[in-house]
Amino acid sequence: MAEILDPTVPPAAPARRAGHAARRAGSFAAVVLSAYTLAFFLLYALPSDPVALMLERRSSGAGGASPERIAALREAHGLDDPLLLRYLTTLGRLLTGDLGTSFQSGRPVPEVLAAVAPGTLSLAAAALVIAVPFSVALALVTSWRSDGLAYRLLRHAPALIAAIPAFWLGLLLLRLFSFTLGWVPSSGGEGLAGLVLPAVALALPVSAALAAVLVRSLDDVRQAPFVELLTARGLPWRRVYLAHVARNALLPFVTLAGLTVGGVLVGTVITETVFARAGLGRLLASSVETQDAPVILAITVLAALVFATVNLAVDLLYPLLDPRLRRENGGAPA
């Protein structure tokens, strides 16, 4: 249960705030490094040797590659080096900004990513722009009055929306708005018209999860003693609800909203496939299928960077939302 926010709590000392920022920056680096390390060893240390298998498939597509040709390709890409040396070498290159060359296309990985990243970033941003305001509005309307009609009707709506599989929701939207009504293109559309349906399909499950958390938090805060006290003092319910209940209920919502960024990036894999959009999601799926390790590692690092950056921003935002986290004796949250 949330507590009353006390704006009279003194702010933390600058040194403590700096220490908190340094700890979070260290966590940021650890998340990115862990994601890269896990992806690397999953790709290169499995018994099936996926990179060698990819090279054989690529060579066989041109009529079959000789063992000498395969060996030359492995040597050129450093695939015969010991695993630990290979890891340290690729990590060193990554730290200098060298993402390597795609095994499948032979192009530098940054060029491959740059060709499709804008589509994914615009889709993810549009989905979040839809999901966050919609989830807040749905939660506020639902929990306005616990004995109201809206509460009884909408209390379980987020769970119902979240239960719909993303690919099925995308197909339903395509069936209604593209094939039946013809309002938007069915696949690969450009501009706003081609972005609306994928963004909605990606945003609805995300907004359902966010709304469910915020509704639960609003219900908990509304039962706090200070709400009854403020109401007894004659404050209008709208002011009590929006200025005090909603504000105290925001922290769990903000936390989940930060974590949701990773879910949105993962969701683009299915959404871009259903709507035939070029993006990082489809590129990742095709790279896994063809065992294109440099591209997979680059997308993993990019996703980890975005995820860690957003969560770092959320952590640093906490003291602005809750003055208790700025007190000098307690310091910033761990």
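Here the structure is a predicted model, which means the values were calculated and not measured.

For helix H4 (residues 83-95), with 13 residues, the first-to-last C-alpha span of 18 Å sits near the 18 Å given by 1.5 Å per residue. Of all the residues in H4, the buried ones are Arg86, Tyr87, Leu91 and Leu94. The buried residues of H4 occupy an angular sector of 125° when projected down its axis, which confines them to one face. With its phi angle positive at about 90°, Gly97 sits one or two positions after the end of H4.

This paragraph deals with the environment of Val129. Here Val129 is to be found in helix H5 (residues 109-142). Looking at Val129, the relative accessible area reads 59%, which means it is exposed. Counting along the chain gives 70 residues from Val129 to Ala199, while the straight-line C-alpha distance between them is 9.1 Å.

A few words now on the side chain of Glu272. Here Glu272 shows up in helix H12 (residues 250-274). Among buried charged residues, Glu272 stands out as having no salt bridge; its nearest opposite-charge side chain is Arg277, 5.4 Å away. Among all residues touching Glu272, those that are not within four sequence positions of it are Thr120, Leu123, Arg277, Gly279, Leu280, Gly281 and Arg282.

Take the packing of H5 against H12 next. Packed helix pairs are characterised by how far apart their axes lie and by the angle those axes make with each other. One can describe the packing of H5 onto H12 by two numbers: an axis separation of 10 Å at closest approach and a directional angle of 135°. Judged by the inter-axis angle, H5 sits oblique to H12. Where H5 crosses over H12, the handedness of that crossing is right-handed. Counted together, Thr120, Leu123, Ala124, Leu128, Val132, Ser135 and Val136 of H5 and Phe253, Thr260, Val261, Val264, Leu265, Thr268, Thr271 and Glu272 of H12 form the full contact between these two elements. Its residues assigned to classes, the contact of H5 with H12 comprises nine nonpolar, five polar and one charged.

This part is about the packing of H12 against helix H13 (residues 280-290). For the pair H12 and H13, the least separation of the axes is 7 Å and the interaxial angle reads 95°. By the angle class used here, H12 and H13 are roughly perpendicular. Contacts between H12 and H13 involve Thr268, Val269, Glu272 and Thr273 from the former and Leu280, Gly281, Arg282, Leu284 and Ala285 from the latter. Per-class residue counts for the contact of H12 with H13 are four nonpolar, three polar and two charged.

Further remarks concern a nonpolar patch on the surface. On the surface, Phe167, Trp168, Leu171, Leu172 and Ile270 cluster together into a nonpolar patch covering about 480 Å² of accessible area. In terms of residue count, helix H8 (residues 166-180) provides more of the nonpolar patch than any other element does, four residues in total. Mapped onto the fold, Ile270 is located in helix H12.

What UniProt calls "transmembrane region" (unreviewed entry) maps, in this numbering, to residues 25-46, 112-141, 153-174, 194-215, 249-275 and 295-318. Secondary structure across residues 153-174 divides into 77% helix and 0% strand, with the first and last C-alpha atoms of the span separated by 27 Å. Along residues 194-215 the backbone is 100% helical and 0% strand, and the end-to-end C-alpha distance reaches 32 Å.

Thresholds applied
Residues numbered from 1 in each chain as written. Predicted model: local features only at pLDDT ≥ 70, side-chain atom pairs only at ≥ 80, totals over all residues. Heavy atoms only, no water. Helix = DSSP H or I, 4+ residues; strand = E, 2+ residues; numbered from the N terminus. Expected span 1.5 Å × (residues − 1). Buried < 20%, exposed > 50% of the residue type's maximum accessible area, 1.4 Å probe, protein only. Arc of directions from axis to C-beta. Lys, Arg positive; Asp, Glu negative; His and termini not counted. Salt bridge = Lys/Arg side-chain N within 4 Å of Asp/Glu carboxyl O. Contact = heavy atoms within 4.5 Å. Axes fitted to C-alpha atoms, helices over the stretch in contact; angles between N-to-C directions. Parallel < 35°, antiparallel > 145°, perpendicular 65-115°, else oblique. Left-handed = near helix turned anticlockwise from the far one by under 90°. Nonpolar A, V, L, I, M, F, W, Y, C, P; charged D, E, K, R; others polar. Patch = residues over 30% accessible without salt bridge, like charges linked within 9 Å, V, L, I, M, F, W, Y side chains within 5 Å. Areas by Shrake-Rupley, 256 points an atom, 1.4 Å probe, with all protein chains shown as cover. UniProt positions renumbered as here; feature names shortened; annotations may be inferred.

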